[in-house]
Amino acid sequence: QASQSTHRKGRNKSAMNVIELGENDSSRMMLEEDSDMVYNVNEWLEEGDDCLIESIRDKFVTGNWGSGQDGEAEEFDEFEDLETGEKYGPNGEVEEDESDDEPTEGMTDAELREYHARKKASQKSEFDEDYDESKKGNIGNPNDAQAESEYVEALKREKEARLKRNQEEFGADGESNRLRFEGYRQGIYCRIRIDGIPAEFVNSFDPTMPLVIGGLTPQETERGLIRCRFKKHRWHKKILKCNDPLVFSIGWRRFQSIPVFSTEDQNGRYRYLKYTPEHMHCQATFYGPQVPPNTGILAIQRLTGNLPGFRISATGVVLELDASSKVVKKLKLVGTPTKIYKNTAFISGMFNSDLEVSRFEGASIRTVSGIRGQVKKALREGQPGSFRATFEDKILLSDIVFCRTWVPVEIKKYYNPVTSLLSKDGAEGWRAMKPKALLHVETETPIEVKPDSIYKPIERKERSFNKLYVPKSIEGALPFASKHKDEKKRKKKSYESKRAVVMEADEKKKFTFVQAVNTIRNEKRAKRKEKNAERRIVKSKELAKKEEKLDAARKARKRQQHRAEGKLEAARERKRLRGS
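Definitions and cut-offs
- Counting of residues starts from 1 at the beginning of each chain's written sequence and follows it residue by residue.
- In keeping with the model being predicted, local features are shown solely for residues with a pLDDT of at least 70 and side-chain atom pairs are shown and tallied solely at 80 or more, while totals for entire chains, interfaces and linings include all residues.
- To obtain the side-chain values, all non-hydrogen atoms of the structure were used and water was disregarded.
- Under the DSSP-based scheme used, a helix requires at least four consecutive residues in state H or I and a strand at least two consecutive residues in state E, with every element numbered from the N terminus.
- Buried means the residue's accessible area, taken with a 1.4 Å probe over protein chains only, is under 20% of the maximum for its type, while exposed means over 50%, and partly exposed covers the values in between.
- Note on contacts: a residue pair qualifies if any of its non-hydrogen atoms lie within 4.5 Å across the two residues.
- In these tables, accessible area is a Shrake-Rupley quantity obtained with a 1.4 Å probe, and a residue counts as shielded only by the protein chains included in the view.
- Values of pLDDT, ranging from 0 to 100, describe the predictor's confidence in every residue of the model.
- Buried residues of nine kinds, namely Ala, Val, Leu, Ile, Met, Phe, Trp, Tyr and Cys, make up a nonpolar core once their side-chain atoms join them within 4.5 Å.
- Here a Phe, Tyr or Trp ring, Trp counted by its six-membered ring, pairs with any other such ring whose centre lies within 6.5 Å, and the pair is stacked when the planes are under 30 degrees apart, edge-to-face when over 60, and tilted otherwise.
- Criterion for a charge above a ring: Arg CZ or Lys NZ at most 6 Å from the ring centre, at most 35 degrees from the ring normal.
- By definition, no residue in a patch forms a salt bridge, and every one has over 30% relative accessible area; like charges are joined within 9 Å, nonpolar side chains (Val, Leu, Ile, Met, Phe, Trp, Tyr) within 5 Å.
- Salt bridges are identified by distance alone: a Lys or Arg side-chain nitrogen within 4 Å of an Asp or Glu carboxyl oxygen.
- Helix span, as expected, comes to 1.5 Å for every residue beyond the first.
- Charged residues are defined narrowly, with Lys and Arg counted positive, Asp and Glu counted negative, and His plus the chain ends left uncounted.
- In short, DSSP must find at least two bridges between two strands for them to pair.
- Charge positions are represented by NZ for Lys, CZ for Arg, CG for Asp and CD for Glu.
- Definition of a polar contact: a pair of N or O atoms within 3.5 Å, with one able to donate and the other able to accept a hydrogen when the atoms are protein atoms, and with sequence-neighbouring residues admitted only if both atoms are side-chain atoms.
- Disulfide assignment relies on a single distance test, namely cysteine sulfur atoms paired within 2.5 Å.

Right, let's get into the overall build of the protein chain. A tally of regular secondary structure across the protein chain gives 12 helices and 20 strands. Burial statistics for the protein chain: of 580 residues in total, 20% are counted as buried. Considering only contacts within the protein chain whose residues lie at least 6 apart along the sequence, 58% involve residues at least 24 apart. Per element, the accessible surface of the protein chain, about 47,300 Å² overall, is 51% carbon and sulfur.

All right, on to the confidence of the model for the protein chain then. Caution applies to low-pLDDT regions: their predicted coordinates should not be interpreted in detail. For the protein chain, per-residue confidence averages 82 on the pLDDT scale, and residues scoring 70 or more make up 82% of the total. By mean pLDDT, the top-scoring element of the protein chain is strand E18 (residues 387–391) (95), and the lowest-scoring one is helix H1 (residues 2–9) (43). Predicted confidence is poor over residues 26–35, with pLDDT under 50, and the contacts of this stretch with residues over four places away or in other chains come to 13 contacts. Under a pLDDT of 50 for its full length, residues 67–73 has, in the predicted model, one contact with residues more than four places off or in other chains.

Next up on the list: the nonpolar core. Among the nonpolar cores identified, the biggest contains 25 residues, and Phe 230, Phe 248, Ile 250, Phe 261, Phe 286 and Ile 297 are the most heavily contacted of them. Those elements that provide at least two residues to this core are strand E6 (223–232), strand E7 (246–250), strand E9 (260–264), strand E11 (282–289), strand E12 (296–300) and strand E13 (312–322). When sequence neighbours within four positions are dropped, the list of residues in contact with Phe 248 reads Phe 230, Arg 253, Arg 254, Phe 255, Ser 257, Pro 259, Phe 286, Ile 297, Leu 298 and Ala 299. With 16 residues, the next largest nonpolar core counts Met 350, Ile 365, Val 375 and Ala 389 among its residues.

Take the packing of aromatic side chains next. Counting across every chain of the model gives 10 aromatic pairs. Between Phe 248 and Phe 255, the aromatic rings sit 6.0 Å apart at their centres with planes inclined by 35°, giving tilted as the arrangement. Both residues of the pair, Phe 248 and Phe 255, belong to the buried class. A network of ring pairs unites the aromatic residues Phe 230, Phe 248, Phe 255, Phe 261, Phe 286 and Tyr 415 as a single cluster. We note Lys 332 situated over the ring of Phe 402; from NZ or CZ to the ring centre the distance is 4.9 Å.

Residues Ile 192, Ile 194, Ile 197, Val 202, Phe 205, Met 209, Leu 211, Ile 213 and Leu 421 make up a contiguous nonpolar surface patch of about 840 Å² in total accessible area. Within the secondary structure layout, Met 209 lies in the loop between helix H7 (199–203) and E6. On the basis of relative accessible area, Met 209 is assigned to the partly exposed category, the value being 45%.

The first and last C-alpha atoms of helix H5 (residues 145–170) sit 37 Å apart over 26 residues, in line with the 38 Å expected at 1.5 Å per residue. All buried positions along H5 are accounted for by Ala 147, Glu 150, Ala 154 and Asn 166.

Before going further, it helps to spend a moment on the side chain of Glu 220. Note on placement: Glu 220 falls in the loop between H7 and E6. No salt bridge is formed by the buried Glu 220; its nearest oppositely charged neighbour, Arg 253, is found at 5.2 Å. Those residues in contact with Glu 220 that sit more than four places away from it in its chain are Gly 215, Arg 253, Pro 289, Gln 290 and Pro 292.

Moving on to the pattern of salt bridges. Within the structure shown, the criterion is met by 11 salt bridges. Among the salt bridges present, the one from Glu 320 reaches Arg 227, with a minimum N-O distance of 2.9 Å. Taken together, the residues Glu 320 in strand E13 and Arg 227 in strand E6 connect sequence positions 93 residues apart. Of the charged contacts, one joins Arg 234 and Glu 565 as a salt bridge, the two residues approaching to 2.6 Å between their closest N and O atoms.

Of the pairings in the sheet, the one linking strand E10 (residues 270–273) to strand E14 (residues 327–341) comprises two bridges and is parallel in character. Counterpart to Tyr 270 in the pairing with E14 is Val 327. Here E14 pairs with strand E15 (residues 344–348) via five bridges, running antiparallel. Opposite Ile 340, over in E15, you have Ala 345 as the bridge partner. Between E14 and E15, which pair antiparallel in sequence order, lie two residues; one of them, Lys 342, sits at a positive phi of approximately 55°.

As a further point, take a positive patch on the surface. A cluster of basic residues, Lys 241, Lys 274, Lys 329, Lys 436 and Lys 450, forms a positive patch at the surface. If you trace the backbone, Lys 329 turns up in strand E14.

Next up on the list: the side chain of Ser 386. Within the fold, Ser 386 resides in the loop between strand E17 (372–378) and E18. For Ser 386, a relative accessible area of 6% translates into the label buried. Polar contacts involving the side chain of Ser 386 include one to the main-chain carbonyl oxygen of Gln 383, which spans 2.8 Å. When sequence neighbours within four positions are dropped, the list of residues in contact with Ser 386 reads Ile 347, Ser 348, Val 357, Ala 378 and Leu 379.

So, on to the pairing of E9. As paired elements, E9 and E11 share three bridges and run antiparallel to each other. Directly across from Val 260, in E11, lies its bridge partner Thr 285. The turn linking E9 back onto E10 is made up of five residues, and Gly 268 within it adopts a positive phi angle of 75°.

What follows concerns the environment of Arg 404. With respect to the secondary-structure elements, Arg 404 resides in strand E19 (residues 401–408). Put simply, Arg 404 and Ile 365 are 39 residues apart on the chain and 7.3 Å apart in space, counted from C-alpha to C-alpha.

Before going further, it helps to examine unusual backbone geometry. With phi around 70°, Asn 294 is a residue other than glycine that occupies positive phi space. Residue Lys 342 is not a glycine yet carries a positive backbone phi of 55°. Locating Lys 342 in the fold gives a position in the loop between E14 and E15. By relative accessible area, which is 57% here, Lys 342 ends up exposed.

On to the environment of Asp 425, then. Along the chain, the position of Asp 425 falls in the loop between strand E20 (416–417) and helix H9 (436–443). For Asp 425, a relative accessible area of 57% translates into the label exposed. Note: C-alpha distance between Asp 425 and Ser 204 (221 residues apart in sequence) is 8.4 Å.

This structure, assessed with the given rule, holds zero disulfides. The thiol of Cys 242 is unpaired, and the distance to the nearest cysteine sulfur, on Cys 282, comes to 9.4 Å.

Turning next to the environment of Asp 206. Of note, Asp 206 is situated in the loop between H7 and E6. For the pair Asp 206 and Lys 424, spaced 218 residues apart in the sequence, the C-alpha separation amounts to 8.2 Å.

Given below as structure tokens:
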């Protein structure tokens, strides 16, 4: 309207005004008062790239809206339909693929679908590679979570494509064939660096022997006393002796130590045992590296040598760890009485000094006959270690007095790890402690015999007791049956022993007949006894044959039973190991 007023003021009324229409004129109205105006539309009718219509073409829906912006809007470009394989230009026109060397003419529908699918897969793989490379390059910012996830996804796709190529190349046994040709590549094996390895380990390394690598907690690197529940294996022939060295396999370790066996009594005391029980558990205490409770234990006497029989000596489980031992051993202190006065007696030979007596004041003592007593105080006179004791009853000078005590047993702190990998000979090159019995056999030395340990026949003098003397005052008051009868020994024979019996004729006949009958009976009895003896011999032979058959059946049944029990125990052990 402002432009119209400007033109009106400057127009010439004598001549017809001509109004030029440009691209910025959005609207024009023909007014009655302006009927002498003429609009020039020649500019709208011009053709060419620089004409007015082409300049405003992008203002409409059919135009290119991105041409007039500052580069912020999305611009369209050529694109390709991956399903059909057709390419389109920027204006939507279909373009011919000049680089397509494979003709599609004469193909069936199935072949066309297969061709386009193969082409689509190859183009998609190229796109994924380009996309993955672009995403890998965007991982520069470590705080960008989206870029990191895209990078991981790109690596996954790359791995899947590589696995697919390997499967196509090597077939069904792809990984095994690939390892056969390529070897173990990076990512399949683990490289470990271990410091402080002895030079002997490298020199005697055997590549055909696998190595088991494990870890230890800080607690397991320390050593102490281990108490465990221990049992001799049922298939091991001999029982185990205390203080004989054994090779223990516990956890990751194998080492040799000296166990001490014990059993827990009703008072909670761990009593020392010289040998393991035949068919029972016992307690074993030995020195070694600390392990957690409920850890399984395997014990072997020797690792080398041709050992007959079953090699595993015993099995067990760890109960607790302790710094000190609670195993005690029974000790009997023996003494003899020197003076006796009623229920009091002076005892000597049990202790060596008054200090020991003062330590055992109030201790219970006992005689062999069962009379109980108690230690009172040490004596100032007499042999050192003598003391005064009181008993329930009067004892005799011939009685032996003993005191039962318990002394702690020292556990030998011996630890010898099995270093079979440090020698080329393996277990043969490892030097272990040998038991005393094996040393006697190897060196052919006789066993030391202590004279005091030999059992000797006990010689006791017959004790003569005085006759019972009853005072006459007391004897007079006793009844006749309880009175003492003095019968003197006869010097001559009595009349009954000297008289002779004379039989008559009838008595002689009867006596002779009875003798003949007794003789016949005795002969029959002797014959019957001989026949019974022969019959018993035959019967015993038959019973022996039956017993042999029964023994064979019993042995077979026991063998089956032991085999079944062994399998059950092995199954329980495997289950326990899987649970731990």
